[in-house]
Structure formats: structure tokens, C-alpha cells
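Coordinates in review
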Amino acid sequence: WMPNFAFRHYTRLRRVMPRRDLQSLKAWICCSEPCRHADAVGFEEAYAEAGVRPGAVLGCYAMAETVFAVTQTPPGTAPRSRNFGHDGELLNLGGPIDGIEISIRDCDGRPVPDGRFGEIAVRGAFLFDGYDRDAALTADRLRGGWYFSRDRGCLIGGELYVAGRLDHLNGRFGAVVGDG
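Residues numbered from 1 in each chain as written. Predicted model: local features only at pLDDT ≥ 70, side-chain atom pairs only at ≥ 80, totals over all residues. Heavy atoms only, no water.

Bringing the pairing of strand β7 (residues 100-105) into the picture now. Of all 6 residues that make up β7, 5 are buried, and the element is covered over most of its length. In this structure, β7 lies alongside strand β8 (residues 118-124), joined through 6 bridges in antiparallel fashion. Counted as the bridge partner of E101 is R123 from β8. (Buried < 20%, exposed > 50% of the residue type's maximum accessible area, 1.4 Å probe, protein only. Helix = DSSP H or I, 4+ residues; strand = E, 2+ residues; numbered from the N terminus. Pairing = 2+ DSSP bridges.)

Right, dumping it as C-alpha cells:
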């Protein structure tokens with residue numbers, strides 16, 4: 001499990017990295033940040049001679065507020081990606097793991113239809129119950145049993161795509177898939 005930038009970093013370093021046999025690793029999990037298809041494929045190609053197979057990089061959406069994972073592409077599943085125009089080609093991060101629900105919300109906190117971008121909200125039995133000594137932040141992020149992540153994403157057929165942090169996306173909150 002590594003963040004997207006680590007795959008990009010290791011790809012850049014490939015020519016100076018010592019040779020390793022990586023064929024025993026069944027999957028590499030890209031989690032945190034938007035997971036970019038180009039970075040996954042670049043890593044797989046850079047380390048193909050070391051035994052990394054095409055399709056070995058899978059996606060996961062994770063956060064400390066749920067102990068770790070929210071979604072996971074099942075190992076052995078061919079990874080999928082989708083091009084979202086200005087957001088680029090993103091890896092499919094799979095569906096929610098057991099015990100987690102995901103909802104995509106508009107700027108007023110209302111659920112949006114499948115295929116529309118908005119804020120990712122999650123709830124589940126192992127969701128944290130608030131920020132230590134920060135009641136204001138807790139009240140802002142935990143509403144009605146849902147944790148509002150400040151991450152922008154969309155669900156398509158129950159599977160998650162994450163485009164990035166709302167705080168970093170200059171107001172691009174709710175584009176519809178294909179809006180570019």
C-alpha cells in the first residue's frame with residue numbers, strides 16, 4: 001500500500017535502483033490522493049523485468065478516520081480506469097469494504113446521483129467519533145452519522161473514483177462524468 005506519488009517516485013528512480021525480484025508480490029495497492037492510471041501503468045512497465053505484472057497495481061481509498069480502508073479493488077481483479085477529462089484518467093478504487101457505506105454529496109450535503117462528482121461521505125461501525133479536542137472540526141466533518149471527508153469523487157456502479165481534495169480543486173465540486 002503506497003500513495004500515488006510513491007509509484008511515480010519509484011518509476012523515476014528505476015534506472016538507479018538495485019535489481020530486485022518482485023514476482024512474489026501479487027498486488028501493489030495505490031491508495032491516498034487521486035490514483036492515476038498513468039502512474040500505475042508506468043510503475044508496472046518500469047518494473048516488468050523485476051516481475052511486476054501488468055494489472056498488478058490496484059486501487060484503494062483509505063483514511064485514518066476509518067482505521068484504514070474504505071474501498072479496495074479485490075486482488076485478482078483486472079484494474080479498471082476511466083478518463084474524467086480535466087481530472088485525468090483515474091483508477092477505479094473498488095467498492096466499499098464490509099461495514100462501510102459511501103455516499104457522494106453536493107455542496108449542501110445532499111446525496112447526488114451515480115456518476116456525479118461531489119464530496120465523499122462515509123459511515124460505518126469502525127468510523128472514528130471525532131477529532132481530539134476539536135469540537136468545531138468534529139461538528140463540521142461528522143454530520144448525521146456521516147464523515148464528510150473533503151475528498152472529491154464519484155460512484156459509478158457502486159465503485160469509487162477519487163479526483164482529489166476539495167480544498168485543492170479551485171471550486172470544481174460537482175461535474176458530471178463526461179463534463180470534462
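This part is about the packing of aromatic side chains. Under the definition given, this model contains 8 aromatic pairs. Ring geometry for F7 and F43: centres 5.0 Å apart, planes at 90°, overall edge-to-face. Residue F7 is found in helix α1 (residues 4-13), and its partner F43 is found in helix α2 (residues 37-46); the two are separated by 36 residues along the sequence. With a centroid separation of 4.9 Å and an interplanar angle of 75°, the aromatic rings of F128 and Y131 are classed as edge-to-face. Note on Y131: relative accessible area 22%, which makes it partly exposed. A cation over a ring is seen here: R143 above F148, with NZ or CZ 3.7 Å from the ring centre. One cation-aromatic arrangement involves R152 over F117; the distance from NZ or CZ to the ring centre is 4.2 Å. (Phe/Tyr/Trp six-rings, centres within 6.5 Å; stacked < 30°, edge-to-face > 60°. Lys NZ or Arg CZ within 6 Å of the ring centre and 35° of its normal.)

Summed over the entire model, instances satisfying the criterion amount to 13 salt bridges. The residue R150 makes a salt bridge to D167 at a minimum N-O spacing of 2.8 Å. With R150 in strand β10 (residues 146-156) and D167 in the segment after β11 (159-165), the pair connects residues that are 17 residues apart, well separated along the chain. Judged by relative accessible area, which is 48%, D167 ranks as partly exposed. Note that D167 and R165 form a salt bridge whose closest N and O atoms lie 4.0 Å from each other. Salt bridges sharing common partners tie together E119, R150, D151, R165 and D167. (Salt bridge = Lys/Arg side-chain N within 4 Å of Asp/Glu carboxyl O.)

Glancing now at the pairing of β11. Judged by how many residues are buried, β11 sits mostly within the fold: 5 of 7 residues are covered. Where β10 meets β11, 6 bridges bridge the pair, whose relative direction is antiparallel. Note on β11: the bridge partner recorded for L155 is L160. Hairpin geometry of β10 and β11 is characterised by an intervening segment of 2 residues between the two adjacent antiparallel strands and by a positive phi of about 60° at G157.

What follows deals with the nonpolar core. Counting residues in hydrophobic clusters, the biggest one holds 31 residues, and the most contacted among them are W28, V57, Y61, I102, I120, V122 and L160. Taken together, the elements giving at least two residues each to this core come down to α1, β1 (28-31), α2, β2 (57-62), β7, β8, β10 and β11. Of the residues forming this core, the biggest block, 3 residues, is contributed by β7. With 7 residues, the next largest nonpolar core counts F84, L90, C154 and A163 among its residues. (Core = buried A, V, L, I, M, F, W, Y, C linked by side-chain atoms within 4.5 Å.)

Together, W1, V67 and F68 give the surface a local cluster of nonpolar side chains, amounting to about 380 Å² of exposed area. In this fold, W1 is placed in the segment before α1. (Patch = residues over 30% accessible without salt bridge, like charges linked within 9 Å, V, L, I, M, F, W, Y side chains within 5 Å. Areas by Shrake-Rupley, 256 points an atom, 1.4 Å probe, with all protein chains shown as cover.)

Take the sheet that holds strand β6 (residues 95-96) next. Sheet architecture is open: 4 strands sit in the order β1-β2-β3-β6, paired in mixed fashion. Whereas interior strands pair on both sides, the edge strands pair on one side only; in this sheet they are β1 and β6.

To continue, consider α2. When we look at burial in α2, the residues that qualify are D39, A40, G42, F43 and E44. In this fold, the buried residues of α2 make contact with α1, β1, β2 and β5 (89-91). (Contact = heavy atoms within 4.5 Å.)

Mapped onto the elements, E119 comes out in strand β8. Looking at E119, the relative accessible area reads 5%, which means it is buried. Among the polar contacts listed, one links the side chain of E119 to the backbone nitrogen of S149, at a separation of 3.5 Å. (Polar contact = N/O pair within 3.5 Å; in protein donor to acceptor, adjacent residues only side chain to side chain.)

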